[in-house]
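Observations on the three-dimensional arrangement
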Amino acid sequence: MRNLVLVLSLCLAFALPLAAQERPDIVVVISIDQFRYDYLTRFEPYFSDGGFRRALKGGANFRHALYPYSTTYTGPGHAAIGTGYTPSRSGIVANTWFDRIVAAPEYCVADERARGGFSPLNLASDSLGDRVGERYPGSKIIGIALKDRAAILMAGRKATAAYWFDPQAPGFTSSAYYGWNKSVASDFNKTLPAYLQAHPEWTQSELIPGDALARITHDPPALRKYKTQREGLGVEFPHRVRSMDALTYTPFGNDLVLDFARRVIEAESLGTEDHAPDVLYLGLSSQDYLGHAFGPDSLEVADAVVRTDRQLAAFFSWLDARFGKRYSVAITADHGVQSIPEVARDMGRAAGRVDMHNPNATVRAFGELSAQRKALEKAAAQKLGLKVTDRTSTMDALIVYFEEPAVYLNWWSIGERKLDGERVKRAVRDAALELKGVRAAFTNSELLAINKQAEGVERAMRLSFRADRSGDVLIALKPGYIWNSGDTGTTHGQAVDDDQHVPLLLFGDGVTAGTWDDDVAPTFLARSIGALLGVEAGSAETQVLPCIVAK
């Protein structure tokens, strides 16, 4: 009894919970940008045992993990992973929104006050990292990604550091908001010429046999003109890599993130047995860069997925050697992607591009607008009894700005003409519904009104909506249709399975292996990892994943 009292006294004196040693010393959360769940099933036969298959067979696999909101973009997705909140609560309603006060677009992690230009200033919710740092003062929370918004929004407002890749520098960098380790970044950046020299070309690997490759892709030469030419890579193998920027558009960009992560783990002594667990967020952004350019049905995406599998296998092996069984891993994605519309149509599916891009300063009349934006303006004006022609000045347009998925109205013009604002919103909404490819549209007034019975696309749009940042009319597209300002490539951002359904895999310390078909979401990660580490995190609307052994 005397010994037990002594142990309890020591635990209390040093504020160490008795179960502390049972927690993982480090949790690594990996977000593969633009990675659909079906990649796991389509390419599974060609995975190694140590990469994705390690989680699929020896960890927890949630086969029905979908984002519940509609704005499936990089910013909202990484904010959801880090905080456990949907855009309506995190404040990250899109990658960019229109700031009505300054009449200019606002980037989700822009911060002109911080030297370096970026910070989590616009993030309105707390994060898992915030809670871990408060519970364990010695913990370190670090985000690393090619994209600034991925690293920053996962790591959160109180992160130890966030690093992202500037291809113009080139190298990993950060901003004055963080107390980042400049020496480790500088030392790593000196190795970048060797990376470029080692990867002069991206060729099709032999990881997927030729007969299988033809079966699981749809990449006919006649349709490659609909791929996007980026950084001199061309639209078919082999792709010449002539710059660091070009390298980030290939699977080799993953090596930059994973190798830099190794350096940071060593330099920051992450995962040490100090009873203060660390959380490392990694964003593998190259899949998004190349996915936009080449599309999910391409030879390039097939090759990138199996190469990513091998890169993860090597990284997990390195973690094994360093931490043994004292770590846990979560793998997910910030969103999926839809097929290049022309490729989708070639496969017999309905698909198309809806072009609402903003005109440049030289555009003076309606006739110079894109066809669909002009159609929307004219149809809305007709519903309001306004007379417009192709010669009507764009100064009299009802829409001042478009930012996926919303239009922001020209309130100056509306006021000058003494139009009823609510009537204008409804006219634009109804006109939008007449456009080919549009699935639903809502005014911000409709989304502000409480509707606890909202389902489907309306519920998804509500979870994406925040009145001070979202537009006046929000538009959802049908499956297969994408917002577009060009004639090539593809994108994401809709409340459809291809964009919402992503992997949710976990393995390691404190994770029970198994396969679940529960309806879950990546927003559950913050609460679940919090339970694993003994902290409260995430939205009250989320749940602890059933694979987690709470500590």
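Look above for the structure.
This report concerns the structure included in the present document. In this text, all values refer to a predicted model and were calculated from it rather than measured experimentally.

**Some points on the sheet that holds strand 15 (residues 438-443)**
Here 4 strands make up an open sheet; going across it, the order is 13-14-16-15 and the pairing antiparallel. Looking along the sheet, the strands with just one partner apiece sit at the ends: strand 13 (399-403) and strand 15. Sheet twist, expressed as the average angle between the axes of neighbouring strands with direction ignored, equals 20 degrees. Note that strand 13 and strand 14 (residues 406-409) share 4 bridges and pair antiparallel. Opposite Tyr401, over in strand 14, you have Tyr408 as the bridge partner.

**Thoughts on the nonpolar core**
Counting residues in each nonpolar core, the largest one holds 170 residues, and the members touching the most others are Phe52, Ile144, Tyr163, Phe172, Leu282, Phe316 and Leu506. For this core, the leading source of residues is helix 14 (residues 299-323), giving 11 residues. If near-sequence neighbours (up to four positions away) are discounted, Phe316 is found in contact with Ile30, Gly50, Gly51, Arg54, Tyr327, Val329, Ile331 and Phe507.

**Regarding the packing of helix 12 (residues 252-267) against helix 14**
Direction vectors running N to C along helix 12 and helix 14 enclose 10 degrees, while the axes themselves pass 10 Å from each other. Relative to helix 14, helix 12 is oriented roughly parallel. The residues of helix 14 that touch helix 12, namely those facing Phe252, Asn254, Asp255, Leu258, Ala261, Arg262, Ile265 and Glu266, are Arg307, Thr308, Gln311, Ala314, Phe315, Trp318, Leu319, Arg322 and Phe323. Partitioned by chemical class, the residues of the contact of helix 12 with helix 14 number 9 nonpolar, 3 polar and 5 charged.

**Observations concerning the packing of aromatic side chains**
All chains considered together, the criterion is met by 26 aromatic pairs. Centroid distance Phe118 to Trp164: 5.8 Å. Interplanar angle 90 degrees. Geometry classified as edge-to-face. With a gap of 46 residues between them, Phe118 in the loop between strand 4 (104-107) and helix 6 (128-135) and Trp164 in strand 6 (residues 161-166) connect regions that are remote in the sequence. Residue classification places Trp164 among the buried positions, given a relative accessible area of 4%. Taken together, a centroid distance of 5.2 Å and an interplanar angle of 75 degrees make the contact between Phe165 and Phe172 edge-to-face. Residue Phe165 is classed as buried on the basis of its relative accessible area, which comes to 6%. Here the aromatic residues Tyr163, Phe165, Phe172, Trp180, Phe188, Tyr195 and Phe260 are joined through ring pairs into a cluster of three or more. Directly above the ring of Tyr136 sits Arg135, whose terminal nitrogen or CZ lies 5.0 Å from the centroid.

Basis of the calculations
Residues numbered from 1 in each chain as written. Predicted model: local features only at pLDDT ≥ 70, side-chain atom pairs only at ≥ 80, totals over all residues. Heavy atoms only, no water. Pairing = 2+ DSSP bridges. Helix = DSSP H or I, 4+ residues; strand = E, 2+ residues; numbered from the N terminus. Axes fitted to C-alpha atoms, helices over the stretch in contact; angles between N-to-C directions. Core = buried A, V, L, I, M, F, W, Y, C linked by side-chain atoms within 4.5 Å. Buried < 20%, exposed > 50% of the residue type's maximum accessible area, 1.4 Å probe, protein only. Contact = heavy atoms within 4.5 Å. Parallel < 35°, antiparallel > 145°, perpendicular 65-115°, else oblique. Nonpolar A, V, L, I, M, F, W, Y, C, P; charged D, E, K, R; others polar. Phe/Tyr/Trp six-rings, centres within 6.5 Å; stacked < 30°, edge-to-face > 60°. Lys NZ or Arg CZ within 6 Å of the ring centre and 35° of its normal.

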